[in-house]
Each structure stands twice: as C-alpha cells, then as structure tokens.
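Inside the fold
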Amino acid sequence: MRDSNQPSLLRTDFHTHTIFSKDSLTTPEKLIAACKRKGIDRVVVSDHNTIAGALRCKELDPERVIIGEEIMTTKGEILAAYVSEEVPAGLSPLETIERLRAQNAFISVSHPCDALRKGSWGYDALSEIIPYVDAIETFNARCMTPQSNWQAEEIARQNNLPGTHGSDGHTAFEIGRGTLLLPSFDDAESLKQALKNAVSPRLTLSSPFVHFTSRYAVWRKRINSR
C-alpha cells in the first residue's frame, strides 16, 4: 500500500496519434477525452512528421499534453517529446537528432525491432544512433509480436538506456495500452530523471487488427480528398 504522503505517480503514454497523422481518424478532442476517461495523466502526442495535432491537443489540455513528433528518417523512425519546432521527414538519423537536441527535446526510438512495420531499424543504423538518444521504446502496443518488444528491451538494457512505453494509439480505444508510472516531470531533463524511478503497470498488446483501422483511415482520407 502506498504511503499517503508519497507523491502520486503520473501515468504516461509516450506514443499517440491524431487525425493529423495520415493513418489516424482520432480528433484531438477524442484523444483528450480518452485520456481523461482512462486516467492518463500525461500523453505525448506524436503524429507522423508534424506537431500540428500536438499543438491543438495542447490548447485543449495544456497540463496533460506533451508536444511530440514521430519523425521518419532515412533509416527508421525517431520518437521525440518536448518538441518546439517541427522536424521534417527524410533527414538522416543524426541530422534529425541534431535538430532535436538544438531545441532540448527528449529523444527515443520508435518500435526499433518490429521488422514487420515501416520505420523499424536495422542493426547497424540503430547502433550508430544509440550513443545520441535518451531512451528506447521498449514497449509498443502495436507491435505484432511480443518478441519485438523483448528485443528492444534487451537493446536498452545492454546500452544502459531507459525504456519508454507507448500505446502507439491511432484510435481512441487503444490509448493507454502502453504506459509508465513516473514521478513528476515538466521538461526533457526532468523526464530523464523521472525515468530512473519509472514503474511499469500492466501492459496490453493491441490486436493485430488495429492496423486495419490505420489502412481504413488512409483510404478514407484519400477518397475524401478527391
């Protein structure tokens, strides 16, 4: 039983998407509502190659929302938090990291070992950036197999890096399936410290069928744009 004088921990989802990602139909309003309903205290809104959705979510709920971005580099995807300036897709991993460092962002690596998804990392490319990142995403609820997360966790352990957990939720019902419980933090530096005392709650892999919701979102947006 937790000491009543001990500060409560913040349940944090490090990886979510809104309608500003090409493969999501979740509005900022629905994402925030899902977080409130599910007891998510902090959420990194990390749309693909844009911070527009995160900025809108931040307007709706400034305390709960952390502005993030999932950035497609030439080798794989970088997952950033506390982003103040959008970083474009298509840069090399090291240039992407350099731009994020310049704005004091927190840098993790998205689903590094999920070879079934675009944006996973090859061994050599991942080894090149390991010295320059703050964390590895060691649980992504959209990974097709648990082995992908286990492999990421082992890479983090071998390199003495903390792990981040994320639902990678592209729909509201996925939000919260991958979280960490953290002491209070309010920027990238304090987040690094908080991760040293992270507690992992029960984690839930999403059904592989959630990927069809993303394909549907892409199809629907394509049809609507005609």
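Per-chain numbering applies: the sequence of each chain, read as written, is numbered from 1 onward. Per-residue local features of the predicted model are confined to residues with pLDDT of at least 70, and side-chain atom pairs are confined, for both listing and counting, to 80 or more; whole-chain, interface and lining totals are unaffected and use all residues. The side-chain quantities take in all heavy atoms of the structure and omit both hydrogens and water.

Our focus in this paragraph is the confidence of the model for the chain. On average, the chain scores 94 in pLDDT, and the residues at 70 or more come to 97%. Here pLDDT means the predictor's own confidence in every residue, given as a number from 0 to 100. The contact definition used throughout considers only heavy atoms, calling two residues in contact when any of these lie within 4.5 Å. Below pLDDT 50 for its whole length, residues 1-5 participates in two contacts with residues either more than four positions away or in separate chains.

This part takes up the pattern of salt bridges. It is possible for side chains of opposite charge to pair when their charged atoms get near one another. Each salt bridge in this description consists of a side-chain nitrogen of Lys or Arg and a carboxyl oxygen of Asp or Glu lying within 4 Å of one another. In total, this model carries 12 salt bridges according to the counting rule given. Between Arg-101 and Asp-134 there is a salt bridge; the shortest N-O distance is 2.9 Å. Of the two residues, Arg-101 sits in helix α3 (residues 93-102) while Asp-134 sits in the loop between α4 (123-129) and β6 (136-140), which places them 33 residues apart along the sequence. Accessible area is worked out with a 1.4 Å probe on protein chains only. A residue is then buried under 20% of its type maximum, exposed over 50%, and partly exposed in between. Relative accessible area serves as the criterion here: at 32%, Arg-101 is assigned to the partly exposed category. Exposure remark for Asp-134: the relative accessible area of 11% places this residue in the buried category. Through salt bridges with shared partners, one network takes in Arg-101, Asp-134, Glu-189 and Lys-192. Under the scheme used here, helices are H or I runs from DSSP no shorter than 4 residues and strands are E runs no shorter than 2 residues, and both carry numbers assigned from the N terminus.

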